[in-house]
Amino acid sequence: MQKSQIISAVLSCVVLYAASLFCVPLKSTLAAQQNDWHSYPAVVTQIVESTTEYYEDEEDLKRVTIVFNAKITSGQYKGKIVPVVQVIDDFISLRADPVNEKSRIIVLQMYDAPQQIWENGFLQNNMQSYKDSPVFVFEEYHRTLPIIALGLIFVVLLLLFGGVKGIFTLVSLFLTCGAIIWIFIPSIFTGYNVYTSSILVCLYIIIMTLLIVNGANKKSLAAIIGCFSGVLVSALLSVIMSKIMHLNGYLNTNSLYLAALLPGGQSDLVAVIFAAIIIGSVGAVMDVAMSLSSALYELAESVEGITFKKLLKSGFTIGRDIMGTMANTLILAYIGSSLTFVLILIAYNSSFLALLNHQMIIVEMLQSLAGSLGILCGIPLTAFISALLYSVKITVSLAPSEEK
């Protein structure tokens, strides 16, 4: 069993690497790469100056400029203490909290600093020497260390409880993230068809995950067929409903930015909705398909001579028990992921009717319902395929044939 899992893992890595050769590297799409900016982790050592300026026409709105020293902890300037600027403007909705001493942050090295940085009086008097050299500005707080610690706890517990299967689970998880980050997202910026690339990535994730975690056997085959069938149902429904409900993909201001960033011929934002629906449904449908396939396999192994009809009936019974919780899981996951925006819509919409018909709300409903219907269709398909595979017993006689 482990041999087939190792072979599957190696082949999955080869496929992932080969596919990445046809896509633009993700780092090439970043603004920092295009503008020759560089980010470095640093620690704040001293707050030098903090000034507050109020806007003339808006007394309640202000701009705070903080100048501080920070020690860069890695990269080209490791160990060097550099002056850094943080601008907190009330006109900018996305802003971080003011830094404090010993704060772990990310600084961005820029050669063309924003004009508002040099409008501050303190900077004009004390930092003129940096006008013709790289400028370090506050970019974000360094939050990856706590996440890495939490991830290590997850890995340790997974290995303790899962053993060898836990190792294969980690491999499949790494390859799943790689398929999204190194293949799917770059494929969009490369100009490939979003519909095609999303379906292929989902197919890769399904086959790779089930073969690596469970090996090449009847259980995996039944789960792969059932899962991919359910995902195709979700995909078909999303296409049909997008046409019927006149969705154009412009859900919020982020959609406008995305449309401007996508390469030529890749402005169909409905395709992005399509990809979000089927990628979001893969995990839930795969979980249901594998659970059902595994349960029926154990039943077939335990009950000698069980028929196709009994296996199919048991599959429907088990599937009904799984169905309710998984549908709730999918719907709650989508609602939870967009709760902030839903609250804003509720506060600012003129009526409940307008709220229900807002494109963002409709898309969330479509994601939930299409994914749930994918689960509902995947259950009977998985049950049928499992019952068919497990009830067919092929016996081969090894006794030599009698000579005539």
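Residues numbered from 1 in each chain as written. Predicted model: local features only at pLDDT ≥ 70, side-chain atom pairs only at ≥ 80, totals over all residues. Heavy atoms only, no water.

Undergrad: Just to check I follow, could you spell out the overall build of the protein for this structure?
TA: For the protein, the helix and strand inventory stands at 14 helices and five strands. Taking all 404 residues of the protein together, 37% fall into the buried category. The contacts in the protein between residues at least 6 apart in sequence include a share of 72% that link residues at least 24 apart. Accessible surface computed for the protein: about 23,300 Å², of which carbon and sulfur atoms make up 64%. (Helix = DSSP H or I, 4+ residues; strand = E, 2+ residues; numbered from the N terminus. Buried < 20%, exposed > 50% of the residue type's maximum accessible area, 1.4 Å probe, protein only. Contact = heavy atoms within 4.5 Å. Areas by Shrake-Rupley, 256 points an atom, 1.4 Å probe, with all protein chains shown as cover.)

Undergrad: Got a minute to help me understand the pattern of salt bridges in this structure?
TA: Oppositely charged side chains may form a pair once their charged atoms are brought near each other. Under the criterion given, the structure shown has two salt bridges. As a salt-bridge pair, Glu 53 and Arg 63 come within 3.5 Å of each other at their nearest N and O atoms. Of this pair, Glu 53 sits in strand β1 (residues 38-54) while Arg 63 sits in strand β2 (residues 62-72), and the two are 10 residues apart along the sequence. Here Arg 143 makes a salt bridge to Glu 140, at a shortest N to O gap of 2.7 Å. Judged by its relative accessible area of 49%, Arg 143 falls in the partly exposed class. Its relative accessible area of 33% is what places Glu 140 among the partly exposed residues. (Salt bridge = Lys/Arg side-chain N within 4 Å of Asp/Glu carboxyl O.)

Undergrad: Even after reading the chapter, I still don't get the environment of Gly 249, so can you show me in this structure?
TA: Here Gly 249 shows up in the loop between α8 (218-244) and α9 (253-261). Through-space distance from the C-alpha of Gly 249 to that of Val 272 is 7.6 Å; in sequence the pair is 23 residues apart. Setting aside anything within four residues of it in sequence, one finds Gly 249 in contact with Ser 255, Leu 269, Val 270, Ile 273 and Gln 359.

Undergrad: It is not clear to me how the environment of Val 44 should be interpreted in this structure. Could you clarify?
TA: Structurally, Val 44 can be placed in strand β1. According to the relative accessible area criterion, Val 44 is buried, its value standing at 2%. Between the C-alpha atom of Val 44 and that of Lys 71, which follows or precedes it by 27 residues, the distance is 6.4 Å. Apart from the residues within four sequence positions on either side, Val 44 is in contact with Phe 68, Asn 69, Ala 70, Val 99, Asn 100, Glu 101, Lys 102, Ser 103 and Ile 105.

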